[in-house]
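Single-letter residue listing:
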Amino acid sequence: MARATTPQDLIITPRDRRFGRGAAQARWWMAGDPVATAYYNALSATFPKGEAYFVESVRLFRDGTPPKLAQEIKSFVTQEVMHSREHVQFNKRALEAGYDLSGLEARVEWRLSISRARPPIVNLAATMCLEHFTAILAHQLLKNPRHLARADAESAALWRWHAVEEIEHKAVAYDTWLHATRDMSRWKRWKIKAKVMLFVTRNFVVDRSLGTLELLRQDGITGTRAWARMLWFAWVRPGMMRKILGAWLAFFLPGFHPWNQDDRALIANEDVRLQAQGEAYA
Ligand SMILES: [Fe+2]
Ligand SMILES: [Fe+2]
């Protein structure tokens, strides 16, 4: 497969939006369902620390990049910083609704402290892999309206806004990685990225599952019942993990580039919608 490159006319545009300020959020904001809520809350708990790590990992390699990429890194940083700002607020609302996220946050901190002890290029590789992960989750979230169909409107808007920008900047870490490893052989590059992807995927699945189970425990759902409901939600219906499997596998193909899949139409659709909603909330 011939490798695509980041579209020349792509302009990464940070959308400075705020969501749910001053509004109480129902404990089960997601479809009135504790499992769906726990799943998304567990993901949100990772964003503030996780995105700060992405930013520091990519920023270290900005010097010497071509001007277009250097500008994209700058816009990527602005977008991630705003995502963290909004997810801090979202997590605060989960706290106000009675959830304790501190255990989940401590686990993220623990994982990151192990990563940070590794060389910068490994952190860039891990970020590049996790950015692919977030981009394919974002794609699925926007492509299939079922995922957020019964969510609280403000919270759904926050997740869609985040998804838009994750798609838009999906190749920034990847292009930075390509630039930083330009003198490596293709085989060596592939070996590192495949190894790191398998590693971060395992950690992602394990940690998000444990996080979801912990939040379900706080709702009094435990044991086999909790496991079964979580696995059903993640892998069967709506089955987010099952639905992203193909896009996840594409990462290992020779010639992979995030823009081999041009999904800018999803961004354009959502921009219209977010704008209309922004006016409604103004
Ligand atoms: Fe983000
Ligand atoms: Fe991102």
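Here goes a summary of the coordinates provided.

### Things to note about the overall build of the protein chain
And then number 1: Check the secondary structure of the protein chain and you find 10 helices and zero strands.
And then number 2: What you see in the protein chain, going N to C, is helices and strands ordered as α-α-α-α-α-α-α-α-α-α.
And then number 3: Over its C-alpha atoms the protein chain spans a radius of gyration of 18 Å, differing by no more than 12% from the 19 Å that the globule rule assigns to 282 residues.
And then number 4: Expressed as lengths along the three principal axes of its C-alpha atoms, the size of the protein chain is roughly 55 × 45 × 30 Å.
And then number 5: For the protein chain, the computed accessible surface area is about 13,200 Å², with 60% contributed by carbon and sulfur atoms.
And then number 6: In the protein chain, 40 positive and 29 negative side-chain charges are present, and the distance between their average locations comes to 6 Å.

### Looking at the nonpolar core
And then number 1: In terms of nonpolar packing, the biggest core is built from 82 residues, with Tyr 40, Phe 133, Trp 159, Met 197 and Phe 251 touching the most fellow members.
And then number 2: Of all the elements, helix α1 (residues 34–59) adds the most residues to this core, at 13 residues.
And then number 3: Setting aside its immediate chain neighbours within four residues, Phe 133 contacts Met 197, Thr 201, Phe 204, Met 241, Ile 244 and Trp 248.

### Points about the coordination of the iron ion (ligand 2)
And then number 1: Bound to the iron ion (ligand 2) on the protein side are Glu 80 (OE), Glu 131 (OE), Glu 131 (OE), Glu 166 (OE), Glu 166 (OE) and His 169 (NE2), at distances that span 2.0 to 2.7 Å.
And then number 2: Around the iron ion (ligand 2), the six donor atoms sit at angles spanning 52 to 151°, and that spread fits a shape best called irregular.
And then number 3: Mapped onto the sequence, the residues coordinating the iron ion (ligand 2) show the spacing E-x50-E-x34-E-x2-H.
And then number 4: The iron ion (ligand 1) is placed at 3.8 Å from the iron ion (ligand 2), the two being bridged by Glu 80. Here Glu 80, found in helix α2 (residues 67–96), pairs with Glu 166, found in helix α5 (residues 153–168); they are 86 residues apart in sequence, far enough to count as distant.

### Quick notes on the environment of His 179
And then number 1: Mapped onto the secondary structure, His 179 falls in helix α6 (residues 172–180).
And then number 2: Judged by relative accessible area, which is 18%, His 179 ranks as buried.
And then number 3: With 18 residues separating them in the primary sequence, His 179 and Met 197 have C-alpha atoms 19 Å apart.
And then number 4: With near-sequence residues (within four places) excluded, His 179 lies in contact with Gly 64, Thr 65, Pro 66 and Leu 69.

### What to know about the packing of helix α4 (residues 120–143) against helix α7 (residues 186–218)
And then number 1: At a minimum axis distance of 9 Å, the contact between α4 and α7 shows a crossing angle of 60°. With respect to each other, α4 and α7 are oriented oblique. For the pair α4 and α7, the crossing hand works out as right-handed. Of the residues in α7, those touching α4 at Ala 125, Ala 126, Met 128, Cys 129, Leu 130, His 132, Phe 133 and Leu 137 are Ile 192, Lys 193, Val 196, Met 197, Val 200, Thr 201 and Phe 204.

Rules of the game
- Residue indices follow the written sequence of each chain, beginning from 1 at its first position.
- Ligands are numbered from 1 and chains lettered from A, in the order in which they are written.
- Only residues with pLDDT of 70 or above have their local features reported here, since the model is predicted, and side-chain atom pairs are shown and tallied only from 80 upward, although totals for entire chains, interfaces and linings are computed over all residues.
- To obtain the side-chain values, all non-hydrogen atoms of the structure were used and water was disregarded.
- Secondary structure elements are defined from DSSP: runs of H or I of at least 4 residues count as helices, runs of E of at least 2 residues count as strands, and each element is numbered from the N terminus.
- As defined in this context, the radius of gyration uses C-alpha atoms, and a globule is described by 2.2 Å times the residue total to the power 0.38.
- Values of accessible area rely on a 1.4 Å probe in the Shrake-Rupley scheme; residue burial ignores everything except the protein chains shown.
- Charged residues are defined here as Lys and Arg on the positive side and Asp and Glu on the negative side; His and the ends of the chain fall outside this count.
- A single reference atom marks each charge: NZ on Lys, CZ on Arg, CG on Asp, CD on Glu.
- Among buried residues, those of type Ala, Val, Leu, Ile, Met, Phe, Trp, Tyr and Cys that are joined through side-chain atoms within 4.5 Å constitute a nonpolar core.
- Per-residue accessibility, obtained with a 1.4 Å probe over protein chains only, is compared with the maximum for each type, and a residue is labelled buried under 20%, exposed over 50%, and partly exposed between these values.
- Every residue pair with non-hydrogen atoms within 4.5 Å of one another is taken to be in contact.
- Coordination partners: N, O, S within 2.8 Å of the metal, 3.2 Å for Na, K and Ca; water not considered, so apparent gaps in a site are possible.
- Here a site with four donors is tetrahedral if all angles are between 85 and 135 degrees, and a site with four or six donors is square planar or octahedral if opposite donors are over 155 degrees apart and the other angles are between 65 and 115; anything else gets the irregular label.
- Axis lines are fitted to C-alpha atoms, over the contacting stretch for helices. Their N-to-C directions set the angle, which ranges from 0 to 180 degrees.
- For classification purposes, angles smaller than 35 degrees are called roughly parallel, those larger than 145 roughly antiparallel, those between 65 and 115 roughly perpendicular, and all remaining angles oblique.
- Take the far helix as the reference: if the near one is turned anticlockwise from it by less than a right angle, the crossing is left-handed, and if turned clockwise, right-handed.

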